[in-house]
Amino acid sequence: MNQASMPMPRESYELTGKRTKELTKRQIRKARISGIVLLLLSGLVMLVFVPAVSGVSTFGLSTPDDAIQLDSLAVPSAGSLWVLSSVLAFLGATQFFRGFQGKTTIILGISFGVFAIALMVWAASGQEFSLISMLVATVSRSTPIALGALSGILCERSGVVNIGIEGMLLGGAFTGVVMGSLLGGWIGLLSATLTGGVLALLLAVLAVKFRVDQIIIGVVINILVLGLTSFLTAQVLVKKPELNDAPIFAAVKIPVLGDIPIIGPMFFDQTIIVYGMFILIGSVTYLLFRTRWGLRTRAVGENPKAADSLGVSVAKVRYLAVIYGGMVGGFAGAWFTLGSVGRFDENMTGGRGFIGLAAMIFGAWNPIGAFLAALIFGFSESLQQKFALLNIPIPSEFLAMAPYLVTIVVVAGVVGRVRPPAADGQPYEKQ
Amino acid sequence: MTAAQTPPEVAQRGFVQQLTTSVNWRTGLLIPFLAVVTALIIGIVLIMLTGSSFGQAMDAYAALLQGSVGSVKAISETLTAATPLILAGLSVAIAFRAGLFNIGAEGQMLVGGMCAVFVGFSITGLPIYIHLPLALLAGFIGGAIWGFIPGVLKAKTGAHEVIVTIMLNYIALRLVDFFLKTELFQREGRNDPVSKTVEASAQLTQMLGWMNPALRVHLGLIVALIAAGVIHWLLFRTTTGFEFRAVGANPSAARYAGMSITKVYVLVMMIAGGLAGLAGSGQILGVLDRATPGFSSNIGFDGIAVALLGRSNPWGVVAAAVLFGGLRAGGQQMQVSADVGIDLIAVIQALIIIFVAAPALITAMYRLKTPAVSTQISKGWAS
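Residues numbered from 1 in each chain as written. Chains lettered and ligands numbered in written order. Predicted model: local features only at pLDDT ≥ 70, side-chain atom pairs only at ≥ 80, totals over all residues. Heavy atoms only, no water.

Right, let's talk about the overall build of chain A for a bit. In terms of regular secondary structure, chain A is built from 15 helices and five strands. In terms of C-alpha radius of gyration, chain A reaches 23 Å, essentially the compact-globule figure of 22 Å for 431 residues. Overall size of chain A, expressed as C-alpha extent along the three principal axes, is 70 × 60 × 40 Å. Counting all 431 residues of chain A, 54% fall into the buried class. Considering only contacts in chain A between residues 6 or more positions apart, those separated by 24 or more positions represent 77%. By element, 69% of the accessible surface of chain A is carried by carbon and sulfur atoms, the whole surface being about 18400 Å². Side-chain charges of chain A comprise 31 positive and 22 negative groups, with the mean position of each set lying 13 Å from the other. (Helix = DSSP H or I, 4+ residues; strand = E, 2+ residues; numbered from the N terminus. Rg over C-alpha atoms; globule rule 2.2 N^0.38 Å. Buried < 20%, exposed > 50% of the residue type's maximum accessible area, 1.4 Å probe, protein only. Contact = heavy atoms within 4.5 Å. Areas by Shrake-Rupley, 256 points an atom, 1.4 Å probe, with all protein chains shown as cover. Lys, Arg positive; Asp, Glu negative; His and termini not counted. Charge placed at Lys NZ, Arg CZ, Asp CG, Glu CD.)

On to the interface of chain B and chain A, then. Interfaces are often sized by the accessible area lost when the parts come together. Each partner contributes residues to the interface: chain B has 59 residues there, and chain A has 61 residues. Summing both partners gives a buried area of about 5200 Å² for chain B against chain A, and 73% of it is carried by carbon and sulfur. Between Asp339 of chain B and Lys239 of chain A there is a salt bridge; the shortest N-O distance is 3.6 Å. At the boundary of chain B and chain A, one finds four residue pairs in polar contact (both at pLDDT 80 or more). Of all the secondary-structure elements, those providing two or more residues to the side of chain B that touches chain A are helix H2 (13-19), helix H7 (128-157), helix H8 (161-179), helix H11 (251-256), helix H13 (299-309), helix H15 (343-357) and helix H16 (359-365) of chain B. (Buried area = accessible area lost by both parts, 1.4 Å probe. Salt bridge = Lys/Arg side-chain N within 4 Å of Asp/Glu carboxyl O. Polar contact = N/O pair within 3.5 Å; in protein donor to acceptor, adjacent residues only side chain to side chain.)

Attention now moves to the pattern of salt bridges. Residue and element names in this part refer to chain A. Taken as a whole and assessed by the stated rule, the structure comprises 12 salt bridges over all chains. When the shortest N-O distance is used, the salt bridge between Arg141 and Glu381 registers 3.2 Å. Highlighted residues: Arg141 in helix H4 (residues 131-157) and Glu381 in helix H14 (residues 367-390), separated in sequence by 240 residues. For Glu381, a relative accessible area of 6% corresponds to the buried category. Bridged by salt links that share partners, the residues Arg141, Arg352 and Glu381 form one connected network.

So, about the packing of helix H13 (residues 352-362) of chain A against H14 of chain A. All names here are of chain A. At a closest axis distance of 7 Å, the pairing of H13 and H14 adopts a crossing angle of 135°. Considered as vectors, H13 and H14 are oriented oblique to each other. Once H13 is placed against H14, the crossing between them reads as right-handed. Contacts between H13 and H14 involve Arg352, Ile355, Ala358, Ala359, Met360 and Phe362 from the first element and Ala370, Ala373, Ala374, Ile376, Phe377 and Glu381 from the second. In terms of residue class, the contact of H13 with H14 is made up of 10 nonpolar, no polar and two charged. (Axes fitted to C-alpha atoms, helices over the stretch in contact; angles between N-to-C directions. Parallel < 35°, antiparallel > 145°, perpendicular 65-115°, else oblique. Left-handed = near helix turned anticlockwise from the far one by under 90°. Nonpolar A, V, L, I, M, F, W, Y, C, P; charged D, E, K, R; others polar.)

Below, the discussion takes up the sheet that holds strand E2 (residues 73-76) of chain A. Residues and elements named next belong to chain A. Taken together, the three strands give an open sheet; going across it, the order is E2-E1-E3, and neighbouring strands pair in mixed fashion. Each having just a single partner strand, E2 and strand E3 (128-130) make up the two edges of the open sheet. Across the sheet, the mean angle separating the axes of adjacent strands is 25° when strand polarity is ignored. (Pairing = 2+ DSSP bridges.)

What follows covers a nonpolar patch on the surface. All names here are of chain B. On the surface, Ile128, Tyr129, Ile130, Leu134, Leu137, Ile141 and Ile145 cluster together into a nonpolar patch covering about 660 Å² of accessible area. Tracing the sequence through the fold places Ile128 in helix H7. By relative accessible area, which is 38% here, Ile128 ends up partly exposed. (Patch = residues over 30% accessible without salt bridge, like charges linked within 9 Å, V, L, I, M, F, W, Y side chains within 5 Å.)

Turning our attention to the environment of Ala202 of chain B. With respect to the helices and strands, the residue Ala202 of chain B is situated in the loop between H8 and helix H9 (220-237). Setting aside residues up to four positions removed in sequence, Ala202 of chain B forms contacts with Gly120, His131, Leu132, Ala135 and Leu285 of chain B.

Once that is clear, we can look at the packing of aromatic side chains. Residue and element names in this part refer to chain A. Tallied over the entire structure, the rule returns 18 aromatic pairs over all chains. Geometrically, the ring pair formed by Trp186 and Phe249 is edge-to-face, given 5.3 Å between the ring centres and 70° between the ring planes. Separated by 63 residues along the polypeptide, Trp186 in helix H6 (residues 185-209) and Phe249 in the loop between helix H7 (214-237) and strand E4 (252-253) bring together distant segments of the chain. What makes Phe249 buried here is its relative accessible area of 13%. Ring centres of Trp335 and Phe336 lie 5.1 Å apart, and the angle between their planes is 90°; on these two criteria the pair is classed as edge-to-face. Here the two residues Trp335 and Phe336 agree in accessibility, since each one is buried. (Phe/Tyr/Trp six-rings, centres within 6.5 Å; stacked < 30°, edge-to-face > 60°.)

Attention now goes to helix H5 (residues 165-183) of chain A. Over its 19 residues, H5 of chain A extends 26 Å from the first C-alpha to the last, a length consistent with the 27 Å expected when each residue adds 1.5 Å. Most of H5 of chain A sits out of view: 14 of its 19 residues are buried. (Expected span 1.5 Å × (residues − 1).)

In this section: the domain arrangement of chain A. Residues and elements named next belong to chain A. For chain A, the assigned domains are domain 1 (3-126) and domain 2 (133-415). Averaged C-alpha coordinates put domain 1 and domain 2 at centres separated by 26 Å. The interface is formed by 13 residues belonging to domain 1 together with 16 residues belonging to domain 2. Of the roughly 1100 Å² buried at the junction of domain 1 and domain 2 (both faces included), carbon and sulfur atoms supply 77%. (Domains from an automatic or database assignment.)

Moving on, we get to the pairing of strand E1 (residues 56-60) of chain A. Residue and element names in this part refer to chain A. Burial of E1 is extensive: four of the five residues sit out of reach of the surface. Bridging between E1 and E2 involves four bridges; their strand directions are antiparallel. Note on E2: the bridge partner recorded for Ser57 is Val75.

All names here are of chain A. Note that Asn244 resides in the loop between H7 and E4. For Asn244, a relative accessible area of 8% corresponds to the buried category. Leaving out residues up to four positions away in the same chain, Asn244 has contacts with Val177, Ser181, Leu237, Gly342, Arg343 and Phe344.

So, on to H8 of chain B. Under the 1.5 Å per step criterion, the end-to-end length of H8 of chain B is 26 Å for 19 residues, consistent within 8% with the ideal 27 Å. Within H8 of chain B, 15 of the 19 residues are buried, which leaves the element mostly enclosed by the surrounding structure.

This paragraph deals with the confidence of the model for chain B. The share of residues in chain B with pLDDT of 70 or more is 89%, and the mean pLDDT across the chain is 86. Scored by ipTM, the complex comes to 0.81, with pTM at 0.84. (pLDDT = per-residue confidence, 0-100.)

The next point concerns unusual backbone geometry. All names here are of chain A. Positive phi is not limited to glycine here, since Ile262 has a value of about 60°. Structurally, Ile262 is set in the loop between E4 and helix H8 (263-267). Given a relative accessible area of 27%, Ile262 falls into the partly exposed group. One non-glycine residue, Trp365, adopts positive backbone phi at about 60°. Structurally, the position occupied by Trp365 is in the loop between H13 and H14.

It is worth spelling out the nonpolar core at this point. Within the largest apolar cluster, 234 residues are counted, with the highest numbers of intra-cluster contacts made by Phe129 and Phe387 of chain A together with Ile94, Phe101, Phe244, Leu285 and Ile352 of chain B. Broken down by element, this core gets its largest block of residues, 14 residues, from helix H12 (residues 261-288) of chain B. Residues in contact with Phe244 of chain B, not counting those within four places in the same chain, are Ile94, Arg97, Ala98, Leu234, Leu235, Val264, Leu267, Val268 and Ile271 of chain B. Val300, Val312, Val314 and Val317 of chain A belong to the second-largest nonpolar core, a separate cluster that totals six residues. (Core = buried A, V, L, I, M, F, W, Y, C linked by side-chain atoms within 4.5 Å.)

Here we come to the confidence of the model for chain A. All names here are of chain A. Averaged over every residue, the pLDDT of chain A is 84; the share at 70 or more is 91%. Confidence scores differ between elements of chain A, with helix H1 (residues 9-52) showing the lowest mean pLDDT of 67 and helix H9 (residues 272-290) the highest of 95. Here residues 1-21 is a poorly scored stretch, pLDDT under 50, and it has 17 contacts once near neighbours within four places are set aside; other chains count.

A separate point is the environment of Phe295 of chain B. Residue and element names in this part refer to chain B. Along the chain, Phe295 falls in the loop between H12 and H13. For Phe295 and Glu199, which are 96 residues apart along the polypeptide, the C-alpha to C-alpha distance reads 18 Å. Beyond its immediate stretch of four places on either side in the chain, Phe295 contacts Met109, Leu110, Gly113, Met114, Gly280, Ile284 and Leu288.

Set out below in C-alpha cells:
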C-alpha cells in the first residue's frame, strides 16, 4: 500500500546515474556561490568593520577566581582586521576559481571562524571583551542543541525521523521543574528524562505500529507539548508558584583539570547536565559504532528488509532506539530549567530542538560531528548575548536571527553532501 | 504533457485515495467526527486533572458551545476566526498535495500581513475598490516571497522544507519586531511596537456591521471562500494542478513523465506562501487594522490541523476551518467565563490531528470495521 517501501531496482540505478551527473554541476555552482559569499564577507570586514575601529581590542582570558591568571590579550584592531579580511578574500577567491572539492566543508568552517574572530575584534575595539566567559557560555548553550541532535541521531539511525525533539525538550523542561520543585533536582532530572521517553513512546507506537507519517507525528508532538505545558502553566503554575521554583544544579569544578587555563572553565567547571552531555556523546558513539546493538540499529535504519531477513526484529530495534532518543531529549530539556533558571516559561525552548536537528544534519548523523556543529550554534547564541551587553550597533532582532539563518545555510549547504540513513522516515511493513 | 497523463495517476491511485479524493463517508466524515469527539473527551479529563470537578468541566464546555454557536455574535466570531484558518489551511493543504509540508504558514502570514499593512497605511486617497485589492495583492506577494525561499532551497539544494520553514517563522517574527520599531512602520508618538493604522479604504468591511457593529465577520470570509474555489479548480481542473498532485504522489514518476520538479516545488510553495500571506492580510485589514508583534497568533500552525482534518481537500479545509474557528471563538468564552485556559484548544487540536492521521486508533477504540490507512506524506530528508 505504501509506495515508500516498494522496491524499484531498475529505476533507482538510472536515477543514481543521473543524480551524480547533476551533483557535479551542482557542486561547481555551489563552489561559486560559497566563494562569492566569502568574498562578500571579506568586503564587509574591509569596508564596514575597519573604518569603525580604533585602538586595540582586548580579550579577557581568565575569570577573577581562576587559579592560574592569564594576561588579557590585546591586539591592534584595524591591523588584525586587515589580516583577517585578506585571509577571507584569499579563501573566497580560491573557492570561486578552483573550489576546494572534498575539503570545502572544512574550508567553509574555517572561513566562518575567521569571520567570527573579525566580528569579535570589531566588537571589542576600544573595550574589554571577556572571551573566556563567552567560551564558557558557548559550551553551556550548545548542550541542549547537542543533546537534541543526539536524540535525533538515535531515532534516525534506526530509520524513524524525529521532528518532535522540540516538544521533548519542552516537556522535559516542564516536568523537570515541577518534580524538581517538589522532590529536588535529581528527581526532576529523572522525571525530565522519563517525560522524553514517554513522548518518544508515542512517536514509536504511531510510527512503527500504526505507520503514521513520522513528520506529522513529530509536529503533533510539538503542538501537543506546547499546548499542554502552556495550559498547565496557566492553570496550575501561575496559581501555585511554589511548583515553579526548582533548585538549580550548580557548576561542579573537577579538581586539577578545572584549573587548566581556558580549557578548565570551558569543559571542567560546568553543571552536571553539561557533563551528562559529554558522557552521552561518548557512550552513544561507542554504542552505535562498536556494539552489536549499534550495528543492528544502523542496519535497520539503512535496510530494514535485509535486517529483518537476518532475524533482527525491526519493530523492537526501532522502539528501543526511539525511546532512548526521547529520553536523551527529555534530559536535554532539564538544561532549560534545572540547568539554568530554575523556572518554566511558556515555549522557553525557542526552537532549540529544530536547531538540534540542523546540528544533526550538519554533523552527518554522527554524535561527535553533531556536537561540533552544536558548538557553532552555541557560539552564535552566546556571541549574540555578548553583543547585546556590549551595546553593539546592530539591532538585537538581527542578532537574534543569526542562529536561525545559520541553520538555513547549514541545511541548504550541507544536506546534499551528507547522506541520511537510507530508510529514514520510511515505515516498515513486515512481509 | 500527453505522455504524462497516465502513469503516475495509475501507479499511485491508492496513495491519492488515501489522501482525499474518494468521498467515503467513513473515512471522510465518521473518523474525523469521532476524532473530534474523542479529543473533546480527553479534554474533559485534562480539565479535571488540573483540579476542577466534572461539573466545572461541563460548564467549561457549555461556555465553549455558547461562545461558538450560542448567538448571532458567537457565530460571527466563529466565522471571523475561521476566515484566516481557511486560508492558512489551504496553504498547508496545497503544499501537502505536492508532497511538501509547509510549517511556515505562520511566518508567511507575518510577512504578508506586514506588506498589506504597509500598502494599507502608506497610500492615501485611493478608492476602496483599488486600494483594498492592492493591499491584498501586496499581502499575497509578501507571503509568496517567504514561500519561495523554502521552495527554491528544496528544489535546488534538497534542504528539507520543514526545517527551513520553521527557521523562516522565527526570522519573520524577529523581522516584524524590528520593522514595527522603525520610523517607516511605527505609529507616531508611540514607543511600543505598533504600526500605523490602515486607511479605511484598505479595510475589509464588516459584512454585518449594519446590524450590529460588534459583529466582526468581514469581507475576508468571501475572499477565503473564493480562494478555496480557485484552489479546488487549480488542483483538479488544470494541468498545473495535475502536475502538483503527480509530483506529490511520486516525484520520480513525475520526473520521468517530463515534469519539472523544481518548477512544481517553487510554484506550489509560492502559492502556499501567498495564501498564508492573504490569511495574514485578512487579519490585518479585517480585524486588527494595524500590525503588532506576533499578530499571526499561531493561526499558521492551526492551519496544519485544519489541512489534515480537511484531508487536504479545499472544501474539507473550509469545513475544518469553521470547526476550529468555533473552537477558537468558544475557547475565548471558556477562558473568560469558566477560567479554563485557551491553550486547552491547542491540546484538543493536536489530539484531533493524531486521531485523523492514525485512524487505526479510532477504529480500534470504537471497534469500527473500516480498514484504516494512515496518512503518508513526506519521505524523509533526502527526497
